[in-house]
Amino acid sequence: QVQLVESGGGLVQAGGSLRLSCAASGIIVSITPMGWYRQAPGKQREFVASIYSGSGYNTNYVDSVKGRFVISRDNAKNTVFLQMNSLKPEDTAVYYCNSAYSNRKYDWGQGTQVTVSS
């Protein structure tokens with residue numbers, strides 16, 4: 001049974017930073033492609049970032065967050081992180097973690113709310 005628990009969200013002013021955490025159980029994040037996703041009110045869930053160890057250490061980001069967000073993982077803690085810098089009001093959403101496979105997802109967690117004020 002896989003459990004994904006997101007935390008670290010909050011209210012921050014534009015230009016500020018937040019660090020999100022995804023504590024995983026039932027899977028090993030070091031060998032599982034993992035991703036962060038977000039869903040704003042009235043909008044569909046979208047991909048934000050992913051991390052995996054294919055031919056080495058690999059990360060991918062949606063264009064809108066490149067240069068601002070950094071995905072990482074702590075294998076000993078079986079936890080995935082999302083460091084978010086230079087936050088914009090457009091980043092306001094509920095953030096979720098899951099498998100990075102587009103058509104193979106585990107049960108979604110509750111997510112963590114990120115609100116960026118102008």
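Details of the structure are given in the entry above.
The rules behind the values
- Residues numbered from 1 in each chain as written.
- Predicted model: local features only at pLDDT ≥ 70, side-chain atom pairs only at ≥ 80, totals over all residues.
- Heavy atoms only, no water.
- Pairing = 2+ DSSP bridges.
- Helix = DSSP H or I, 4+ residues; strand = E, 2+ residues; numbered from the N terminus.
- Axes fitted to C-alpha atoms, helices over the stretch in contact; angles between N-to-C directions.
- Disulfide = S-S within 2.5 Å.
- Buried < 20%, exposed > 50% of the residue type's maximum accessible area, 1.4 Å probe, protein only.
- Lys, Arg positive; Asp, Glu negative; His and termini not counted.
- Salt bridge = Lys/Arg side-chain N within 4 Å of Asp/Glu carboxyl O.
- Polar contact = N/O pair within 3.5 Å; in protein donor to acceptor, adjacent residues only side chain to side chain.
- Contact = heavy atoms within 4.5 Å.
- Core = buried A, V, L, I, M, F, W, Y, C linked by side-chain atoms within 4.5 Å.

Asks: Can you break down the sheet that holds strand 1 (residues 3-7) residue by residue, with the values?
Replies: If you trace the four strands from one edge of the open sheet to the other, you get 1-3-8-7, paired in antiparallel fashion. Every interior strand has two partners, whereas the edge strands, strand 1 and strand 7 (69-74), have only one. Each neighbouring strand pair of the sheet contributes to a mean axis angle of 15°, computed without reference to strand direction. Note: strand 3 (residues 18-25) against strand 8 (residues 79-84), six bridges, orientation antiparallel. Residue pairing for strand 8: L18 is matched across the bridge by M84.

Asks: Could you give an account of the state of the cysteines, naming the residues involved and the relevant values?
Replies: Summed over all chains, the structure comprises one disulfide. Between C22 and C97 runs a disulfide, and the two sulfur atoms are separated by 1.8 Å. Residues C22 and C97 share a disulfide whose torsion about the S-S bond is about 60°; that sign makes it right-handed. Residue C22 is found in strand 3, and its partner C97 is found in strand 9 (residues 93-99); the two are separated by 75 residues along the sequence.

Asks: Go over the side chain of R73 with me, naming the residues and quoting the values.
Replies: Position of R73 among the secondary structure elements: in strand 7. We note that R73 is buried and unpaired, the nearest opposite charge coming from D74 at a distance of 9.0 Å. Polar contacts involving the side chain of R73 include one to the side chain of S53, which spans 2.2 Å. Here the side chain of R73 touches N75 through a polar contact of 3.4 Å, side chain to side chain. Residues within four places of R73 in sequence aside, it is in contact with V29, S30, I51, Y52, S53, T79, V80 and F81.

Asks: Please provide a residue-by-residue account of the environment of S50, values included.
Replies: Tracing the backbone shows S50 in strand 5 (residues 46-52). Through-space distance from the C-alpha of S50 to that of S72 is 8.8 Å; in sequence the pair is 22 residues apart. Excluding residues within four positions of it along the chain, S50 makes contact with M34, G35, N58, T59, N60, I71 and A100.

Asks: Help me get a handle on the nonpolar core, residues and values and all.
Replies: Judged by nonpolar contacts, the single largest core of 27 residues is most densely connected at W36, L82, M84 and Y95. The set of elements that each furnish at least two residues to this core consists of strand 3, strand 4 (34-39), strand 5, strand 7, strand 8, strand 9 and strand 10 (112-117). Considering each element in turn, this core owes the most residues, four residues, to strand 3. When residues no more than four places from it in sequence are discounted, the contact partners of L82 are L18, R19, L20, W36, V48, A49, F69, V70, I71 and Y95.

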